[in-house]
Amino acid sequence: YEYSKKNSNSKLFLIGNYNNDPSVKKMVIEKGLEGKVIFAGVLNDVNRYYSAFDYFLFPSLYEGLSIAMIEAQISGLYCFVSNTVDLNTKITDNYSTIDINDESSYIAEMIIKNKKENDRANINYEMKYDIKNSSKKLQNFYERNCKYE
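Predicted, not measured: the structure shown is a model, and the values here were computed from it. The numbers attached to residues start from 1 for each chain and follow its sequence in the written order. Where totals are concerned, whole chains, interfaces and linings use all residues; where local detail is concerned, this predicted model gives features only for residues with pLDDT of at least 70, and gives and counts side-chain atom pairs only at 80 or more. With hydrogens and water set aside, each side-chain value is computed from the structure's full complement of heavy atoms.

A. Geometry of the overall build of the protein chain. Numbered from the N terminus, helices here are DSSP runs of H or I no shorter than four residues, and strands are runs of E no shorter than two. When helices and strands are counted, the protein chain shows five helices and five strands. Of the regular secondary structure in the protein chain, the N- to C-terminal order runs α-β-α-β-β-α-β-β-α-α. Contact between two residues is taken to exist if any of their heavy atoms lie within 4.5 Å; hydrogens are not considered. Once local pairs closer than 6 in sequence are excluded, the contacts in the protein chain between residues at least 24 apart make up 50%. Note on areas: Shrake-Rupley, 1.4 Å probe, and residue coverage restricted to the protein chains presented here. Just so you have it, the protein chain exposes about 10400 Å², and 50% of that area is on carbon and sulfur atoms.

B. Representation of the side chain of Ser4 within the structure. As for its position among the elements, Ser4 is in helix α1 (residues 2-6). In contact with Ser4, not counting residues within four places along its chain, are Ser10, Leu33 and Lys36.

C. Geometry of the pairing of strand β2 (residues 37-41). Inspection of the sheet shows strand β1 (residues 12-15) paired to β2 by four bridges, in the parallel sense. In the strand pairing of β2, Leu12 is matched with Val37. If DSSP finds at least two bridges between two strands, the strands pair.

D. Seen up close, the side chain of Ser60. By secondary structure assignment, the location of Ser60 is in the loop between β3 (55-58) and α3 (67-74). Burial classes: relative accessible area under 20% of the type maximum marks a residue as buried, over 50% as exposed, and values in between as partly exposed (1.4 Å probe, protein chains only). On the basis of relative accessibility, which here comes to 13%, the residue Ser60 falls in the buried class.

E. Looking closely at the sheet that holds β3. A sheet is described by the order of its strands in space; here three strands give the open sequence β3-β4-β5, paired in parallel fashion. The sheet is open, and its two edges are formed by β3 and β5 (95-98), each paired on a single side. Recorded for the sheet is a direction-independent mean angle of 15° between the axes of neighbouring strands. Sheet analysis places β3 next to strand β4 (residues 78-82), joined by four bridges and oriented parallel. Paired with Phe56 across the two strands is Cys79, which belongs to β4. Here an angle of 0 to 180 degrees is reported between the N-to-C directions of two axes, which are lines fitted to C-alpha atoms, with helices fitted over the stretch in contact. Strands β3, β4 and β5 of the sheet are contacted by α3, whose axis makes an angle of about 155° with β4. Contacts from helix α4 (residues 104-113) reach β3, β4 and β5 within the one sheet, and its direction differs from that of β5 by about 170°.

What follows is the structure, given as structure tokens:
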């Protein structure tokens, strides 16, 4: 709501079981956000939607190492992530930590302040998540530790 007050063209793509939560739908109506919130439901293929997003907000209370966050960063999205999420999830510079207990107006300002153009063609991420690097490490491990006779 606070972000949409500053950016009237914004949309929220809500992923998860929010379709069945009447309090969320009630809040959308009370805040006058009908038509600005897309209730996508539970998705097994979230990665297919990343190219349509400008930002990825991850306000989780109980998340460990999130594969979705790693995928979002590698796709070039700027991510705003709860400070409860495992910091090993941060693999690019397109990552800011948020405290979901902060006022939503503060979080909206933080998003606006950190607005960056996404250069999705040149993503720099830690090599530990690169498939070519990982497969080479695995091959080296097998060559060192598995003796063929």
